[in-house]
Amino acid sequence: MKKILKQLFAILMLAAMAAFTLAGCASTGSGGASPAGTSEGAADASETGAAPASSEEKELNVICWSEYLPDDVISSFEQETGVRINMTTYDTPDDMLAKVKSSAEGTYDMLIGPASTYVEIFNKLGMLQKLDKSLLTNYKNIDPSYLGKDYDPDNDYSVPYMGAGVVIAVNRSVIKDDIKSYQDLLKPAYANQLVVIEDSRAVVGMALMASGYDINDTSDAGLAAARDYLVKLKPNIKVFDGASPKTEMLNGECAIGLIYNAEAALAMEQDPDIECVFPQEGIYFGADGMMVFKGAKHPGNANRFINYILDAEVSASISGVFPYTNPNKAAVALLPDSYTKNEAKNVPSDVIAKSQPLKDIGDASVKIDAIWSDFKG
Amino acid sequence: MKTRLKIKSIVPRLTMTGPVAGWMILFVVIPFTYIFVISFMNRGTYGGVELGFTLQNYANIFDAKYLMIFLNSILLAAVTTALCILIAYPFTYFIAQKTAVTKTVFVSMVMIPFTVSSLVRIYSWINLLRKDGIINNLLMSLRVIDEPLQMIYNNFGVIVGMVYTLIPFMILPLYSSIEKLDKSMLEAGNDLGAKPARAFATITLPLTAPGIFAGAIMVFIPTLGYFFITDMLGGSKIMMIGNLIRNQFVTAKNWPFGAALSIFLIVLTLAALWVYERIGGDLEDLGGMR
């Protein structure tokens, strides 16, 4: 009798363990039930005309740069539509590609990331779906100079989110001499003074521009020159930080930054000694785009969220928090002079005209990866 | 009757070993096999792998620049281990002499920080060590130094972070071996005229050596792989084997090479364990089983 009881107990334990394991899998699979207060959300949504399709879960999985999409925008969209947004952030495009490629299709619904390279890359990999233009009623707000680029002639796959450039930020209380170009950064006097973003294509691209080549050059001569430049730059770099490089500028750790323009702008607001320099070789400037992945589970929500971001007031509020160059002309009209007249925030059009965007370079990207790995390691 | 017997013996065994076996298959065997298999494949341009068979990934490991990184990592891990021994041994010896209550208090002081995420603890080190951080401000206001010390984004910062994070792994094995130390041996030595230094060198140290070895191995091996500490306190520019592997999967988009490096690291770990056993270490002290 005792033995039978023991066996019974053993079987029960086994069953319980199996049940727990399966339950664990199931709950991660469905990603939780729809949030509470759905009916309320739907009521709000119908007022704003952004009611999500009934066939879709009230959820949206977004992968976006860190420090790029304000929490307020996310929560107000959630309140208006009842759609819950799950954010995944990345600090470097390489990170993003690794995350997206190593996840199952449908893990992420949409991407906010470098358009000029990744529209092509993801299209080559067959990972994007066309945007639903019928839902993008705010598309007309976008400045036409940002549209119809050769990587996406009809903007079937991407719409611009923000324009971002990489500038040189200089703390004038530490660095007295004039910095005008990438070449000036090589001075031995600046040893251990630089904070640099972690974007491999952008940094190697700047090394190419510094050496007089095109940012997308993949010739052996060009890459050798870029490698030379980086070898000389290395002793001056104190830290790589792709997430929030302004921190190192503000806490006095670094006096020079090769950083994103909005990071520079935010640092300048807190420390008037910090100045923004556009190097004379031209800057790297590219629009980040919003794209929807093929196999997305919530494509309707994704398109609705894109349209929400394209709304003039929403877009203006994004620029208020993360002051990148706004391609949304209706939003720019709403923004105060402190934004439009600030060159670090609203990069002047003549600088943009001289800037270079990155393009997908296909198999040659292996060479850039090799240079970058050597440079950092 | 025969089948009944079989069930009788299978069910309890399955209950006891099933969950562990399931866990091991899911989280050790399958990932390991996956890593091993892709380490022989070709890279895809944008990450991922392309089918095929090549030994090139293993050949690439023996490039001078990667060997330098291995050498640097081993050096850094050795320094970390040595510092851990130097700090942990006196501390552990000290608490082992105390009453049970005091011991518990000290051991829990070592253990409690474990309940906080190590990322958060490393962030607090950034605040302590940076140029306008707490330590520099304190030293400057006390006029000990005129210029802020450079304690972060270099090897110093990385070693501080590693020693801080891994020292409990040194203290715990040391504690168990020092506690087991037979006091009567020391008394006998004393009676026979050994001075404290001599008694320490000939009695205490040899008897606690298994604890030192076990602690050393438990500090040395993780140091090679803790890439987040080198990233955060080394400014993403100090490369350890862990960072190198991570970078192959992310920035270099060369998964097969990253996989080959992982296999190489496993071999290196096994070699360290082999050395450990050869010099008289017992795998049971590491919590493993023979």
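Residues numbered from 1 in each chain as written. Chains lettered and ligands numbered in written order. Predicted model: local features only at pLDDT ≥ 70, side-chain atom pairs only at ≥ 80, totals over all residues. Heavy atoms only, no water.

- Per an unreviewed UniProt entry, chain B goes by the name Spermidine/putrescine transport system permease protein and belongs to Sporobacter termitidis DSM 10068.
- Its UniProt record gives chain B a comment under Sequence similarities (unreviewed entry), which states: "Belongs to the binding-protein-dependent transport system permease family. CysTW subfamily." (UniProt positions renumbered as here; feature names shortened; annotations may be inferred.)

- The name that an unreviewed UniProt entry assigns to chain A is Spermidine/putrescine transport system substrate-binding protein, with the source organism given as Sporobacter termitidis DSM 10068.
- The Subcellular location (unreviewed entry) comment attached to chain A in UniProt states, word for word, "Periplasm".

A look at the overall build of chain A
Then comes step 1: A tally of helices and strands in chain A yields 15 helices and ten strands.
Then comes step 2: Taken over 377 residues, chain A has a buried fraction of 55%.
Then comes step 3: For chain A, the share of sequence-separated contacts (at least 6 apart) that also reach a separation of at least 24 residues comes to 76%.
Then comes step 4: Here chain A has roughly 15500 Å² of accessible surface; of this, 56% comes from carbon and sulfur atoms. (Helix = DSSP H or I, 4+ residues; strand = E, 2+ residues; numbered from the N terminus. Buried < 20%, exposed > 50% of the residue type's maximum accessible area, 1.4 Å probe, protein only. Contact = heavy atoms within 4.5 Å. Areas by Shrake-Rupley, 256 points an atom, 1.4 Å probe, with all protein chains shown as cover.)

A closer look at the packing of aromatic side chains
All names here are of chain B.
Then comes step 1: Enumeration according to the criterion identifies 26 aromatic pairs over all chains in this entry.
Then comes step 2: When the centroid spacing of 6.0 Å and the interplanar angle of 80° are considered together, the rings of Phe-91 and Phe-106 count as edge-to-face. With Phe-91 in helix H3 (residues 64–96) and Phe-106 in helix H4 (residues 100–111), this pair connects stretches of sequence that are 15 residues apart.
Then comes step 3: The partly exposed category is assigned to Phe-91, whose relative accessible area is 27%.
Then comes step 4: Classification of Phe-106 by relative accessible area gives buried; the value is 18%. (Phe/Tyr/Trp six-rings, centres within 6.5 Å; stacked < 30°, edge-to-face > 60°.)

Some words on the layout of surface pockets
Then comes step 1: Each pocket or cavity is described by its volume, and for the largest pocket that value is around 750 Å³.
Then comes step 2: Elements with a contribution of two residues or more to the lining of the largest pocket: strand E7 (237–240) and helix H8 (246–250) of chain A together with helix H5 (118–129), helix H10 (227–233) and helix H11 (241–249) of chain B.
Then comes step 3: Along the lines of polarity and charge, the residues of the lining of the largest pocket split into eleven nonpolar, ten polar and nine charged.
Then comes step 4: Built from parts of two domains, the lining of the largest pocket gets at least three residues from each of domain 1 (59–163 + 286–354) and domain 2 (165–284 + 358–376) of chain A.
Then comes step 5: Here the second largest pocket is characterised by a volume of approximately 510 Å³.
Then comes step 6: Taken together, 25 residues make up the lining of the second largest pocket; nearest its centre are A:Ser145, A:Tyr146, A:Lys149, A:Phe285 and A:Ile352.
Then comes step 7: Secondary structure elements with two or more residues in the lining of the second largest pocket: strand E10 (284–293), helix H12 (329–334) and helix H14 (349–354) of chain A.
Then comes step 8: The dominant element in the lining of the second largest pocket, judged by the number of residues it contributes, is E10(A), at three residues.
Then comes step 9: Taken together, the residues that form the lining of the second largest pocket break down as eleven nonpolar, nine polar and five charged. (1 Å grid on protein atoms, 1.4 Å probe; cavity = no way out; pocket = protein on both sides within 12 Å on 5 of 7 lines; lining within 4 Å. Points joined across faces, edges and corners; volume = space filled by probe spheres on them. Nonpolar A, V, L, I, M, F, W, Y, C, P; charged D, E, K, R; others polar. Domains from an automatic or database assignment.)

Remarks on the interface of chain A and chain B
Then comes step 1: Contacts between the two partners involve 37 residues from chain A, matched on the other side by 28 residues from chain B.
Then comes step 2: Around 2900 Å² of area is buried between chain A and chain B when both sides are counted, 57% of it from carbon and sulfur atoms.
Then comes step 3: Linking chain A with chain B are four salt bridges.
Then comes step 4: The closest approach of N and O atoms between A:Asp374 and B:Lys65, which form a salt bridge, is 3.0 Å.
Then comes step 5: At the boundary of chain A with chain B, the tally comes to 14 residue pairs in polar contact (both at pLDDT 80 or more).
Then comes step 6: Here the residues of the side of chain A that touches chain B sort into 14 nonpolar, nine polar and 14 charged. (Buried area = accessible area lost by both parts, 1.4 Å probe. Salt bridge = Lys/Arg side-chain N within 4 Å of Asp/Glu carboxyl O. Polar contact = N/O pair within 3.5 Å; in protein donor to acceptor, adjacent residues only side chain to side chain.)

Digging into the UniProt feature "binding site: spermidine" (unreviewed entry) in chain A
Residues and elements named next belong to chain A.
Then comes step 1: Within this numbering scheme, the UniProt entry marks Glu-67 as carrying the feature "binding site: spermidine" (unreviewed entry).
Then comes step 2: Tracing the chain through its elements places Glu-67 in the loop between strand E1 (59–65) and helix H3 (71–81).
Then comes step 3: On the accessibility criterion, Glu-67 (34% relative accessible area) is partly exposed.
Then comes step 4: In contact with Glu-67, other than residues within four places in its own chain, are Ala-243, Ser-244, Lys-246, Glu-263, Phe-322 and Tyr-324.
Then comes step 5: For Glu-67, the side chain forms a polar contact with the side chain of Lys-246, separated by 3.1 Å.

Topic: the pattern of salt bridges
Residues and elements named next belong to chain A.
Then comes step 1: Taken as a whole and judged by the stated rule, the model has 19 salt bridges over all chains.
Then comes step 2: Residues Lys-376 and Glu-198 are paired through a salt bridge, measuring 2.7 Å at the closest nitrogen-oxygen approach. On the criterion of sequence distance, the pair formed by Lys-376 in helix H15 (residues 365–376) and Glu-198 in the loop between strand E6 (194–196) and helix H6 (200–210) is long-range, its members being 178 residues apart.
Then comes step 3: By relative accessible area, which is 7% here, Lys-376 ends up buried.

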